[in-house]
Amino acid sequence: MHDAPEQRPPGRALLGGSFNPPHIGHLRLAIEVREALGALVDTLVLIPCGTPPHKRAGSLLPFALRAEMTRAAVRGLPGISVSEEEGERQGCSYTWDTLTRYREALPGRILYFVIGTPDFALLHTWHRGRELPRLCQFIVVARGEQTHEPFAQAARTLWPGARSVAPVLPDSRCMALPGGGMAHYLPLPWLAVSASRIRERWLRRQNVDFLIPRAVDELLRIRHAEVAEHWKGDGMSC
Ligand code: ATP
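What you see is a predicted model; the values in this text were computed from it and never measured. Within every chain, residues take consecutive numbers counted from 1 along the sequence as written. Per-residue local features are limited, in this predicted model, to residues with pLDDT of at least 70; the limit for side-chain atom pairs, both in listing and counting, is 80 or more; totals at the level of whole chains, interfaces and linings are taken over all residues. The basis for every side-chain value is the complete set of heavy atoms in the structure, and neither hydrogens nor water enter the calculation.

J.: Would you explain the pattern of salt bridges in this entry?
T.: As a working rule, side chains carrying opposite charge can pair if their charged atoms are close by. Put simply, a salt bridge is a Lys or Arg side-chain nitrogen that is within 4 Å of an Asp or Glu carboxyl oxygen. Overall, the coordinates contain 12 salt bridges when judged by the stated rule. A salt bridge links arginine 28 to glutamate 32; the nearest nitrogen and oxygen atoms lie 3.0 Å apart. Pair noted here: arginine 28 and glutamate 32 are both in helix 1 (residues 24-37), with a separation of four residues, about one helical turn. The partly exposed category is assigned to arginine 28, whose relative accessible area is 38%. One salt bridge in this structure joins arginine 221 and glutamate 218, with 2.8 Å as the shortest N-O distance. Taken as a pair, arginine 221 and glutamate 218 lie in helix 7 (residues 214-222) at a separation of three residues, close to a single helical turn. Think of it in three bands: with a 1.4 Å probe and only protein chains considered, a residue is buried below 20% of the maximum accessible area for its type, exposed above 50%, and partly exposed in between. The class for arginine 221 is exposed, based on a relative accessible area of 55%. Linked through salt bridges whose partners overlap, the residues forming this network are Arg12, Asp42 and Arg109. Working definition: helices are DSSP H or I runs of at least four residues, strands are E runs of at least two. Numbering for both runs from the N terminus.

What follows is the structure in structure tokens.
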């Protein structure tokens, strides 16, 4: 009799961001990555950041409002949820800390951390960025550019010895990283939408229909004074 094949419990996909506000680019990304990972994950979790180390914080809406908007944005989307854990921590929100918590909470399960190519190429500037493959596999998506080459180049620069291997996910490229890590490149289309442009348009009272879900638009309307006050701000984060 053969041994039963190893049954690994499904992993989890994690998508961090400011979500200031959440927009259709985030939602399409979440939906298509969730789809691409299929049975490899149980859920894709959107994680609004507490205090981002890399972004200007003046225009950042309070965590509770960004979390509320993000929850409203994903309501009814199967297999996609929101975690508010970064709002509970003091100081800068480091991906290293967030992933460490997930590692502890979900032993034996693979974490798939979603990241755009430009941020992936800058991981050496993140807190313990080059060590992140100890905690997660990367799902890298292009931001604008269409080829996988900048992804492969970034992987080789960050981790000398990284090499192309057979893809695990359909239509993807895969790099094996030294030490056993993996980075998968998914050629998903990038919608020309950004939260900064939406903030600018909203402040000028220009139309933002179809750029953000209606439920988010509604929250922005209800909280108009508070949102306007923050989005006009321009301070630095930690
Ligand atoms: P900002 O304009 O304020 O810099 P943003 O629109 O880039 O914000 P973030 O909250 O910083 O949004 O992004 C969170 C995640 O969503 C990141 O992984 C980012 O790469 C991805 N993302 C942002 N915009 C898009 C988009 N238009 N299409 C697909 N993914 C996106």
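J.: Just to check I follow, could you spell out the packing of aromatic side chains for this structure?
T.: Geometrically, a pair of aromatic rings is defined through the distance of the ring centres and the angle of the planes. A pair of aromatic rings is counted whenever rings of Phe, Tyr or Trp (Trp by its six-membered ring) have centres within 6.5 Å, and the orientation is called stacked for planes under 30 degrees apart, edge-to-face for over 60 and tilted otherwise. Applying the stated rule across the entire model yields seven aromatic pairs. An angle of 35 degrees between the planes, with centres 5.8 Å apart, marks the rings of phenylalanine 138 and tryptophan 159 as tilted. You can see phenylalanine 138 sitting in strand 5 (residues 137-141) and its partner tryptophan 159 sitting in the loop between helix 5 (149-158) and strand 6 (163-165), a full 21 residues away along the chain. When its relative accessible area of 0% is taken as the criterion, phenylalanine 138 is described as buried. Taking relative accessible area as the criterion, tryptophan 159 reaches 8% and is therefore assigned buried. Measuring from ring centre to ring centre gives 5.4 Å for phenylalanine 151 and tyrosine 185, while their planes differ by 25 degrees; the resulting arrangement is stacked. In this pair, phenylalanine 151 sits in helix 5 while tyrosine 185 sits in strand 8 (residues 181-186), placing the two residues 34 residues apart along the sequence.

J.: Explain helix 5 here, please?
T.: In an α-helix, one turn spans 3.6 residues, which is why side chains three or four residues apart end up on the same side. Within helix 5, burial applies to Phe151, Ala152, Ala154, Ala155 and Leu158. Each buried residue of helix 5 lies within a common arc of 160 degrees when the element is viewed along its axis, so the set occupies one face. Contacts: residue pairs with any heavy atoms within 4.5 Å of one another. Here the buried face of helix 5 lies against helix 4 (117-121), strand 5, strand 7 (173-177) and strand 8. The arc in question is the one traced by the directions running from the helix axis out to the C-beta atoms.

J.: How should I be thinking about the domain arrangement of the protein chain in this particular structure?
T.: How big an interface is tends to be expressed through the accessible area that disappears when the partners come together. Domain limits in this description derive from either an automatic procedure or a database domain assignment. Per the domain assignment, the segments making up the protein chain are domain 1 (11-186) and domain 2 (195-234). Counting residues at the interface gives 17 residues for domain 1, matched by 18 residues for domain 2. When domain 1 packs against domain 2, the two sides together hide about 1600 Å² of surface, and 67% of this comes from carbon and sulfur. When the buried surface of domain 1 facing domain 2 is broken down by residue, Pro21, Ser59 and Leu65 rank first, second and third, together holding 26% of it. Remark: the boundary between domain 1 and domain 2 carries one salt bridge. For arginine 223, the salt bridge goes to glutamate 68, with nearest N and O atoms at 3.3 Å. Among the elements that line the side of domain 1 that touches domain 2, the one with the most residues is helix 2 (residues 63-74), at five residues. For this scheme, ten residues count as nonpolar: Ala, Val, Leu, Ile, Met, Phe, Trp, Tyr, Cys and Pro. Four count as charged, namely Asp, Glu, Lys and Arg, and the remainder, Gly too, count as polar. For the side of domain 1 that touches domain 2, the class distribution of residues is 11 nonpolar, four polar and two charged. A simple way to read buried area is as the amount of 1.4 Å-probe accessible surface that goes missing from two parts once joined, with both sides added.

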